Structures are given as structure tokens and as C-alpha cells.
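Chains, contacts and geometry: an overview
The residues making up each chain are set out below.
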Amino acid sequence: MVKAKSWVMTKHFDGFPKKSDFGLKVEELPEPKDGEVLLEAVFLSVDPYMRSFSKIHMKEGDVMIGGQVAKVIQSKNPAFPVGSHVVSDSGWRTHTLSDGTGLIPILSEWPKDVSLSLALGAIGMPGLTAVYGIEEVLGLQKGETLLVNAAAGAVGSVVGQIAKIKGCKVVGSAGSDAKVAYLKELGFDEVFNYKTVGSLEEALRKASPEGYDCFFENVGGPSSDVVLQQMKNFGRIAVCGSISTYNDSQPQTGPYPYFTMIIKELKMEGFLQSRWEHKHPETLKRLLAWVKEGKLQCREHVTKGFENMPAAFMGMLQGENTGKAVVAV
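Residue positions are given per chain, counted from 1 along the sequence in the order it is written. Predicted model: local features are reported for residues with pLDDT of at least 70 only, side-chain atom pairs are reported and counted for 80 or more only, and whole-chain, interface and lining totals are derived from all residues. Side-chain measures here rest on the full set of heavy atoms in the structure, leaving out hydrogens and waters.

**What to know about the nonpolar core**
A general feature of soluble globular proteins is that nonpolar side chains tend to end up buried together. Among buried residues, those of type Ala, Val, Leu, Ile, Met, Phe, Trp, Tyr and Cys that are joined through side-chain atoms within 4.5 Å constitute a nonpolar core. Partly exposed describes any residue whose relative accessible area lies between the buried limit of under 20% and the exposed limit of over 50%, with all areas from a 1.4 Å probe on protein chains only and scaled to the type maximum. By size, the foremost hydrophobic cluster in this structure holds 51 residues, and its most contacted members are Leu183, Phe216 and Leu287. Helix and strand definitions follow DSSP, with helices as H or I runs of at least four residues and strands as E runs of at least two, each counted in order from the N terminus. Secondary structure elements with two or more residues in this core: α2 (125–138), β8 (145–148), α3 (156–165), β9 (169–174), α4 (177–186), β11 (212–217), α8 (280–292) and β15 (324–328). It is α2 that provides the largest number of residues to this core, a total of seven residues. Of all hydrophobic cores here, the second largest spans 19 residues; its members include Leu44, Trp92, Phe306 and Met309.

Printed below as a string of C-alpha cells:
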């Protein structure tokens, strides 16, 4: 019998999450039955979507949703031998009994010197999100100018690097001078700290006086309206996230950018990476290849200890992380 710990949402978040919104639960798991495996979490992910999805996909008392890299420690399923590693949507749990449904084996060609935690970041869901936003939604072309906000986050930092691989000019917005410096190291052409610029409009114009062909949107809120004013005609916007609004107790209203979109003939599309699930195996191999070739750099913000899951989650929502936020068990 294994003692499994899990973090549950004791009540729905009202505004910014609080420590009291989470509860730690302990239970004993039985031995795996035929076809089942017992997983032990190695790395767990904390992501902005957990805050917004909790409203619609969770009820009070549910285990917090999320992905993890787990090790198979017992197996009665030949597809998942003991000692192998998988990516699982098991949520905030130390141990999980699974019948194998939805488990994704780590790529067989995964190098020993690359941390498995990247399967939750650049070579995982955030990396997939970046690729599909750029290729499937924006259709980004060589020589175009791309703007990405929350650019030092798990998705944004990959978006900018892939755009550079594709021969584009990349402008990034981030929330600290340290993040700005990091993005310049990654090869972004122009970066600014949105918290310290006097005028977002002026910062955008200075970074790209000719305007923007594409905008990879992670933040939402009033700042997006400022960006739309500087899109080129026939510009494209991929709406990936809206982190500035996730903790609002009351939904924001306006501004309404429709007239700008009409005049400039803009295309705006929201998306989830799961739409292209059939492409995941091939796309993950491309991302891994870029990492191995040194074209895709990955920084992580690692919190140690399963007991610190809520703190890691809240810190990520406050922008404490540069790169992907993960918890190492």
C-alpha cells in the first residue's frame, strides 16, 4: 500500500488564490490490478490555465488539475514497464493509479543530459502551444514582425525563439528588467519592461515603427487594445491567454476593439493546443531537435517539495517565474 498525497481546491477562488483555498489530503492506494500502473510524480506543472479552468472544470473538493512527469513504480500493463517515465494529467498528486489511458511515454530519443521536467515545458504543452499558435493560427512568415507579451513565461519565451528560427523580427514585453535581459540573451530583437515604460503605445512604436504583422496574446485586458492600434493591415492575432484577467472577481468590460479590427481588417483567433493533438508526436520531436541543436534555450523556475504546490502556483500567477514554473518532488 502506498500513501498518496494530493492537493484539493477546498473552495472556488474568489479573486487571487489564497493558501486557505487549498487542502492537503492523504489516502492509501491499493495494489495495481491487471492493466493498471502505479505512478509516482517526479515533476509537477503549475500553469496559468489552472486558475481559469478551475471555474468551469472543477468543483470544490476536487484534486487540482494539472500535468506531471511521473515514474512507473509498479506495473501490470506491458505498455508501461517499471522504471519508465510518462507525462500524465493526474493533477496535484504524488501517486496515481492509472489504467494507462491518456499516459504519454517520454520520447525514446530523450537525451540523458536533458531534464525530464522539460516535458512539462518547452518539449511539452507550452512548446506545443507556441508551435501551433505560430504555424497554425498566425501562419507566421519569414521577414514578418511578431509581438509577444508575457514573453519570459513558459509559452512566450518559446514563441519568440521559434519566430527567430523562422527568420522573423521579434518584439517582447515582460514585467522586470531581469526578464528583459534574459529575453535579449535569447535573441529577441527588441524587449521592454511594460511596468516601467512611460507609455505602452510609445514603447511599441519605438520597438517597431512600421507596426506588427502578428501578435501572440498571452495577457489580455486594456493593453491589448493599445496593441491592436499598431497592427499592420491584415494583421493576425493568436489569443493564447488572458492572465491579467484570470483573478478578477468581476469580469472586465471593454474596451471594444471592433472598429479597429474592421478598419485594419485584422484576424483574431483563440485556440487550444489540443486541437492539433494528432500532430503532437511529430511536433514534440521537432521541439526536442531544436533543444538538442541549441536553437531553443529553456529556463525553468523550480520549486522543491510537493508541500509547496500552492505557493508555486500563486508565485507563478504573480510573475515570479522566468521560463517554465515546475515543482520537483
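**Section: the packing of α2 against α3**
For helices, the fitted axis covers only the stretch in contact; all axes are lines through C-alpha atoms, and the angles between them, taken along N-to-C directions, range from 0 to 180 degrees. Taken N-terminus to C-terminus, the directions of α2 and α3 make an angle of 50°; their axes are 9 Å apart at the nearest point. Here α2 lies oblique to α3, going by the angle between them. α2 and α3 meet at a crossing whose hand is right-handed. Judged by residue contacts, Gly127, Ala130, Val131 and Ile134 of α2 engage Val158, Val159, Ile162 and Ala163 from α3. Relative orientations are named as follows: roughly parallel for angles under 35 degrees, roughly antiparallel for angles over 145 degrees, roughly perpendicular for angles from 65 to 115 degrees, and oblique for any other angle. Crossing chirality is assigned from the near helix's rotation relative to the far helix, an anticlockwise turn below a right angle marking it left-handed and a clockwise turn marking it right-handed. Residue contacts are counted whenever heavy atoms from the two residues lie within 4.5 Å of one another.

**Considering empty space enclosed by the protein**
The rule is simple: put a 1 Å grid over the protein atoms alone, call a set of points where a 1.4 Å probe fits but cannot get out a cavity, call an open set with protein on both sides within 12 Å along at least five of seven lines a pocket, and count a residue as lining if it has an atom within 4 Å of a point. Grid points are joined across faces, edges and corners, and a volume is the space filled by probe spheres set on the points. The full count for this structure, using the stated rule, is one cavity of 30 Å³ or more. Volume-wise, the largest cavity comes out at about 80 Å³. Along the wall of the largest cavity there are 14 residues; nearest its centre are Ala122, Ser157, Val158, Cys298 and Arg299. With three residues, α3 is the largest single contributor of residues to the lining of the largest cavity.

**Section: α4**
Those residues of α4 that fall on the buried side of the exposure criterion are Lys179, Val180, Tyr182, Leu183 and Leu186. One face of α4 carries all of its buried residues, which in axial projection span an arc of 160°. When the buried face of α4 is taken as reference, the exposed residues oriented beyond 90 degrees from it are Asp177, Ala178, Lys184 and Glu185. At its buried positions, α4 is contacted by α3, β9 and β10 (190–193). Among the residues trailing α4, Gly187 stands out with phi positive, at a value near 105°. Arc definition: directions from the helix axis to the C-beta atoms.

**Concerning the layout of surface pockets**
Taken as a whole, the second largest pocket encloses approximately 560 Å³ of empty space. What lines the second largest pocket is a set of 25 residues, among which Gly220, Gly221, Val239, Ser242 and Thr245 lie closest to the centre. Mapped onto the lining of the second largest pocket, the elements with two or more residues apiece are β11, α6 (223–228), β12 (231–239) and α7 (258–264). For the lining of the second largest pocket, the element with the most residues is α6, which contributes three residues.

**Topic: unusual backbone geometry**
Backbone torsion omega between Gly254 and Pro255 reads -5°, so that peptide bond is classified as cis. Along the chain, the position of Pro255 falls in the loop between β12 and α7. In this structure, Glu265 is a non-glycine residue whose phi angle is positive, near 55°.

**A word on the packing of α2 against α8**
At their nearest, the axes of α2 and α8 sit 10 Å apart, and the two run at 105° to each other. What the angle tells us is that α2 and α8 run roughly perpendicular. Across the interface between the two elements, Gly127, Leu128, Val131, Tyr132 and Glu135 of α2 pack against His280, Thr283, Leu284, Arg286, Leu287 and Trp290 of α8. Residues are grouped as follows: Ala, Val, Leu, Ile, Met, Phe, Trp, Tyr, Cys and Pro are nonpolar; Asp, Glu, Lys and Arg are charged; every other residue, Gly included, is polar. Of the residues that constitute the contact of α2 with α8, the class distribution is six nonpolar, three polar and two charged.

**A few points about the environment of Lys304**
Following the sequence through the fold, Lys304 ends up in strand β14 (residues 300–304). By relative accessible area, which is 69% here, Lys304 ends up exposed.

**Details of the sheet that holds β10**
Strand order in the open sheet formed by six strands is β10-β9-β8-β11-β12-β13, and the pairing between neighbours is parallel. Bordering the open sheet on either side are β10 and β13 (267–270), each of which pairs with just one other strand. Neighbouring strand axes in the sheet, compared pairwise and without regard to direction, differ in orientation by 15° on average. At least two DSSP bridges between two strands are needed for those strands to be called paired. The sheet contact formed by β11 and β12 spans five bridges and is parallel. By the bridge assignment, Cys214 is partnered in β12 with Arg236. Docked against the sheet, α4 engages β9 and β10, running at close to 170° with respect to β10.

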